[in-house]
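A closer look at the structure
Listed below, chain by chain, are the residues.
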Amino acid sequence: MKNRGFGHYLRDTRKKFSLSLRKLANLTDLDPAYLSRVEREMSPAPRREIVAKIADALCQCAELSPAEKGRLRRELLDLSGHLSNEDELIDDLSHRFADRLRDMNIPESYVLEAVKKVPLDEMRKVMLDGEPLKVKMADEVTHEELDACSSVGEEVIALQPEDSLTSHNSPSDYIKQHYGEFNSDKPQVKPRERFRAGLSAYIEVEGKLSSSQQEQLRSIAMLIRSILEE
Amino acid sequence: MKKEKILKIETNWDNVLVPALRRCQRSLLIEVNAQSGTHEELDESSPINLALVIDRSGSMHGRRLEAAKTAALGISKRLGVLDRLSLVSFDHEVTRHFANLAMNPEGLEQAQTTLMDLHPRGSTNLGGGWFEGAACIAERIDRSDLNEGHVLLLSDGMANKGVTNPDLLRNHAEELALRGIQTSTIGIGENYSPLQLDALAQGGQGRLHDTETSNDIIDVVLGELGEIRKKAAQDVQLIVKIPEGVKLEILTEVPVSQIGDLLQISLGTVLEGRKRPIAILAEIPSYAGGEILPFEMSLTWRDVESGKKCCSDPLQSKLMVVPSAEVFEEDRDIGVVGQIADLWEATLAYRAMLFNERGNLEGASNLYQEILFKFSKLVSILPDSNFRIQRLERAQSKVARHWSGRSKREALAISKKQMLNELDLRKRDMGKWHDRL
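Residues numbered from 1 in each chain as written. Chains lettered and ligands numbered in written order. Predicted model: local features only at pLDDT ≥ 70, side-chain atom pairs only at ≥ 80, totals over all residues.

1. Remarks on the overall build of chain A
Here is the rule: Here a helix means four or more residues in a row that DSSP labels H or I, a strand means two or more in a row labelled E, and each is numbered from the N terminus. Partly exposed residues are those whose C-beta has more than 12 but fewer than 20 other C-beta atoms within 10 Å; with 20 or more the residue is buried, with 12 or fewer it is exposed, and the C-beta atoms are placed from the backbone. Note on contacts: residues are paired as contacts if their backbone-placed C-beta atoms lie within 7 Å.
Counting secondary structure elements, chain A contains 11 helices and 2 strands. Written out in order from the N terminus, the α and β elements of chain A read α-α-α-α-α-α-α-α-α-α-β-β-α. Within chain A, the proportion of its 230 residues that are buried is 16%. Considering only contacts within chain A whose residues lie at least 6 apart along the sequence, 56% involve residues at least 24 apart.

2. A word on the overall build of chain B
Helices and strands together make up the secondary structure of chain B, namely 10 helices and 17 strands. Going through the 437 residues of chain B one by one, you find that 52% of them count as buried. Pairs at least 24 residues apart make up 77% of the contacts formed inside chain B by residues separated by at least 6 positions.

3. Quick notes on the pairing of strand E12 (residues 256-259) of chain B
All names here are of chain B. Short version of the rule: The pairing criterion for strands is at least two bridges between them, as found by DSSP.
Here E12 runs beside strand E13 (residues 262-271); their pairing, made up of 4 bridges, is antiparallel. Counted as the bridge partner of Ser 257 is Gln 264 from E13. Between E12 and the antiparallel strand that follows it, E13, lie 2 residues; Gly 260 among them carries a positive phi value of about 60°.

4. Section: the sheet that holds strand E4 (residues 49-55) of chain B
Residue and element names in this part refer to chain B. Worth spelling out the cut-off: Throughout, an axis means a line fitted to C-alpha atoms (over the contacting stretch in the case of helices), and angles, computed between N-to-C directions, take values from 0 to 180 degrees.
What the 6 strands build is an open sheet, ordered E6-E5-E4-E7-E8-E9; its pairing is mixed. In this open sheet, the two strands that pair with only one neighbour each are strand E6 (94-102) and strand E9 (208-211). The mean angle between the axes of side-by-side strands here comes to 15°, regardless of whether they run parallel or antiparallel. Pairing analysis gives 7 bridges linking strand E7 (residues 149-155) to strand E8 (residues 181-188), with the strands arranged parallel. What sits directly across from Gly 149, in E8, is Ile 181.

5. What about the pairing of E9 of chain B?
Residue and element names in this part refer to chain B. To keep things clear, this is the line we draw: If you view a crossover with the strands going away from you and the path from the first strand over the helix to the second runs clockwise, you call it right-handed.
Because side chains alternate across E9, one face comprises the buried residues Leu 208 and Asp 210, and the other comprises His 209 and Thr 211, equally buried. Two elements, E8 and E9, share 4 bridges in a ladder whose sense is parallel. Bridged to Gly 187 within E9 is Asp 210. Crossover handedness for the path E8 to helix H5 (residues 194-203) to E9: right-handed.

6. Some points on the nonpolar core
Worth spelling out the cut-off: By our criterion, buried Ala, Val, Leu, Ile, Met, Phe, Trp, Tyr and Cys residues that link up through C-beta atoms within 7 Å make up a nonpolar core.
Judged by nonpolar contacts, the single largest core of 134 residues is most densely connected at Leu 52, Val 53, Ala 134 and Leu 238 of chain B. When residues no more than four places from it in sequence are discounted, the contact partners of Leu 52 of chain B are Ala 72, Ile 75, Leu 85, Leu 87 and Leu 152 of chain B.

7. Focus on the interface of chain B and chain A
To keep it simple, the criterion reads: When residue character is reported, Ala, Val, Leu, Ile, Met, Phe, Trp, Tyr, Cys and Pro are called nonpolar, Asp, Glu, Lys and Arg charged, and the others, Gly included, polar.
Listed as interface residues are 39 residues of chain B and, on the opposing side, 29 residues of chain A. Elements supplying a minimum of two residues to the side of chain B that touches chain A: helix H3 (126-143), helix H4 (166-178), strand E10 (231-241), E12, E13, strand E15 (292-303) and strand E16 (309-311) of chain B. Looking at the side of chain B that touches chain A, the element that brings in the most residues is H3 of chain B, giving 9 residues. Among the residues making up the side of chain B that touches chain A, the classes are represented as 17 nonpolar, 12 polar and 10 charged.

8. Here's the deal with the environment of Thr 213 of chain B
By secondary structure assignment, the location of Thr 213 of chain B is in the loop between E9 and helix H6 (214-229). Taking C-alpha positions, Thr 213 of chain B is 7.9 Å from Arg 64 of chain B, a pair spaced 149 residues apart along the chain.

9. Some words on the confidence of the model for chain A
Residue and element names in this part refer to chain A. In plain terms, the rule: pLDDT runs from 0 to 100 and stands for how confident the predictor is about each residue.
Mean pLDDT over chain A stands at 75; residues scoring 70 or higher make up 76%. Confidence scores differ between elements of chain A, with helix H9 (residues 143-151) showing the lowest mean pLDDT of 69 and helix H1 (residues 6-16) the highest of 91. Across residues 161-168, where pLDDT falls below 50, the model places 9 contacts with residues more than four positions away in sequence or in other chains. Counting interchain partners and residues more than four positions distant, the pLDDT-below-50 stretch residues 186-190 has 3 contacts.

10. Re the confidence of the model for chain B
Should the pLDDT be low somewhere, the predicted coordinates at that spot are not to be read in detail. Residues and elements named next belong to chain B. Across chain B, the average pLDDT comes to 89, with 97% of residues at or above 70. Of all secondary-structure elements in chain B, the lowest mean pLDDT belongs to E12, at 80, while helix H7 (residues 334-357) reaches the highest, 96. Low pLDDT (under 50) marks residues 38-43, which in the prediction has 6 contacts with non-local residues, meaning those over four places away or in another chain.

11. Remarks on the environment of Arg 436 of chain B
Residue and element names in this part refer to chain B. Take Arg 436: it is sitting in the segment after helix H10 (406-420). Residue Arg 436 is classed as buried on the basis of its 22 C-beta neighbours within 10 Å. Separated by 38 residues in the primary sequence, Arg 436 and Lys 398 place their C-alpha atoms 9.7 Å from one another. Excluding residues within four positions of it along the chain, Arg 436 makes contact with Ser 407, Glu 410 and Ala 411.

12. Regarding helix H4 (residues 48-61) of chain A
Residues and elements named next belong to chain A. How we decide: In this analysis, the expected span of each helix is defined as 1.5 Å times one less than the number of residues it contains. Summarising the geometry, the arc corresponds to the directions from the helix axis toward the C-beta atoms.
Under the 1.5 Å per step criterion, the end-to-end length of H4 is 20 Å for 14 residues, consistent within 8% with the ideal 20 Å. Of the residues making up H4, those classed as buried are Val 51, Ile 54, Ala 55, Ala 57 and Leu 58. Seen from one end, H4 has its buried residues packed into an arc of 165°, which puts them on one side.

13. Focus on unusual backbone geometry
Both trends apply: most residues other than glycine have a negative phi, and most peptide bonds are in trans. Residues and elements named next belong to chain B. Phi is positive for Gln 205, which is not a glycine, with a value near 55°. For Gln 205, the location among the structural elements is in the loop between H5 and E9. You can call Gln 205 buried: it has 24 C-beta atoms within 10 Å. Here Asp 235, not a glycine, exhibits a phi torsion of approximately 50°, which is positive.

14. Points about the packing of H4 of chain B against H5 of chain B
All names here are of chain B. Selection criterion: An angle below 35 degrees is treated as roughly parallel, one above 145 as roughly antiparallel, one from 65 to 115 as roughly perpendicular, and anything else as oblique. Crossing handedness is read from the near helix: turned anticlockwise from the far helix by less than a right angle, it gives a left-handed crossing, and turned clockwise, a right-handed one.
At a minimum axis separation of 7 Å, H4 and H5 run at an interaxial angle of 20°. In terms of axis orientation, H4 runs roughly parallel to H5. The interaxial crossing formed by H4 with H5 has right-handed handedness. Across the interface between the two elements, Pro 166, Asp 167, Leu 169, Arg 170, Asn 171, Ala 173, Glu 174 and Ala 177 of H4 pack against Leu 195, Gln 196, Ala 199, Leu 200, Gln 202 and Gly 203 of H5. Taken together, the residues of the contact of H4 with H5 sort by class into 7 nonpolar, 4 polar and 3 charged.

15. A closer look at the environment of Cys 24 of chain B
Residue and element names in this part refer to chain B. Here Cys 24 shows up in strand E3 (residues 24-36). The class for Cys 24 is partly exposed, based on 19 C-beta atoms found within 10 Å. For the pair Cys 24 and Ile 284, spaced 260 residues apart in the sequence, the C-alpha separation amounts to 5.3 Å. Beyond its immediate sequence surroundings of up to four residues, Cys 24 is in contact with Val 18, Pro 19 and Ile 284.

Structure, rendered in structure tokens:
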């Protein structure tokens with residue numbers, strides 16, 4: 001639920017960036033009188049292309065990080081009612097979730113991993129339903145704490161793959177699992193390309209693939225991994 | 001106290017100025033470097049957990065097997081009492097001679113006696129031998145606080161028994177590398193399979209070495225021990241946040257994935273004191289003057305000592321959009337362009353030779369055809385641009401025909417080393433990969 005409209009947000013932001021109405025109108029090729037009406041919410045929010053132009057002009061005039069620029073653009077599009085396409089909404093949710101983690105000073109590398117691993121439904125709960133979000137480094141988490149979270153139905157997502165939180169993953173287990181393939185006289189299986197899509201999921205394709213096919217399948221494998229919530 | 005390794009990123013653009021209201025191309029050289037932290041003087045090296053896997057098939061008869069044995073003896077003498085050595089040999093059968101032997105005087109004696117008794121026979125179950133070596137390492141990992149180990153495989157032949165498919169070998173090596181077992185391979189002579197050995201080394205986050213003489217074998221095996229000791233970080237990932245509208249093309253051979261504006265580049269293992277280069281071409285769309293295009297980069301890696309995941313502080317690298325009258329083509333940094341061109345050429349050669357080895361001659365030639373225009377544009381400001389383009393065409397013509405023997409194996413291994421900035425451990429001047437064209 002938005003507690004203020006596009007016009008007010010635009011005016012506040014413009015003033016925060018010490019940008020005059022005339023300068024913004026100039027940068028966006030808009031009539032200053034029209035822009036003033038929009039800010040006072042006497043005219044509806046402009047169409048999408050104009051909102052994008054306003055966002056670009058604001059970003060250009062302020063010293064913002066890429067994440068802050070993205071956040072400003074999405075906020076303007078959202079408040080103007082132009083964030084409606086499903087893909088955009090999903091993208092927006094992921095970005096907002098990423099911003100939330102950045103606000104908690106989580107390093108960018110973990111933010112990337114979190115956006116890949118945390119299911120959209122969980123992001124929605126955190127961002128829209130106000131569900132609490134706790135972040136801890138893996139080596140600070142005890143097994144007792146993990147058990148306690150599970151017992152009350154709290155979702156735990158490890159951002160460190162193949163580490164101590166996963167015990168079924170040792171080299172010996174892997175060796176045992178595949179020892180027969182290297183130590184039998186059975187005919188070999190046909191050549192296959194195999195793509196890791198999680199700790200226990202793979203995409204296997206028989207025959208040779210081109211490098212672009214391999215690249216696409218790697219991306220799909222990554223998508224599967226995020227669906228599996230790993 | 002343990003040695004703390006810190007990974008650093010260095011960036012160099014050919015030109016940080018971008019003309020306003022025009023599309024343009026910029027090249028970027030990123031170098032990842034591992035440095036010791038402040039506690040180096042108090043360091044005690046982690047014990048080494050090494051498995052030597054030696055081909056004893058019929059073709060190894062004579063000086064090759066003798067050189068491999070000499071090198072193995074040399075390794076056993078250089079390991080400390082806390083280090084562990086395993087020895088596996090293979091022909092059509094796989095033999096585990098000893099596993100995780102402590103290199104104390106008794107262990108050393110046992111290793112020497114066993115090595116002396118190694119004789120050639122039979123065909124080549126390379127995959128089985130390699131996997132047995134990995135099994136030795138895994139057992140030690142289970143029984144100690146070590147969380148990693150290395151398999152070093154020497155072979156002069158092509159696997160013709162057991163698992164032989166390079167893609168399968170690569171997949172298994174990748175899986176084991178993720179679990180702490182790395183693989184490096186040493187090809188001997190003119191008949192080893194670059195596809196099989198490269199697949200194991202690439203998947204195993206290790207190195208592929210080419211050798212010819214007995215001295216090469218000894219130098220490379222002992223040199224590889226030094227490389228293992230220099231390992232600073234594993235599972236290294238470079239994350240680049242790209243400004244809106246900019247497209248990056250990674251010119252060096254590395255696994256890359258992109259989600260939205262974040263590009264993730266997997267670099268595998270980084271050695272201390274050895275810069276790992278990544279060559280990139282950036283396609284910049286039209287921007288208004290005054291814009292600043294920030295590229296934010298950070299690294300994650302797994303610490304070799306503790307196995308813990310680490311990450312670097314983000315580094316900002318910026319391009320500035322200025323009026324086009326202020327941007328001159330000749331202002332591009334020739335040094336950076338030259339390095340990018342060298343890396344790109346080496347990568348193309350490596351890829352094309354693998355295509356050639358698989359018998360896909362048309363695919364090998366097409367790799368060059370697809371980039372010829374772009375490459376010419378990149379090198380246009382270099383004084384030797386014509387020479388470079390002619391060399392590229394010569395390489396294209398070479399890989400479009402059947403090519404075998406020593407020259408291809410040497411060229412493939414040397415081009416890969418140039419691409420990754422790895423040392424050639426042979427103690428003689430091997431020249432450049434393109435000397436073999």
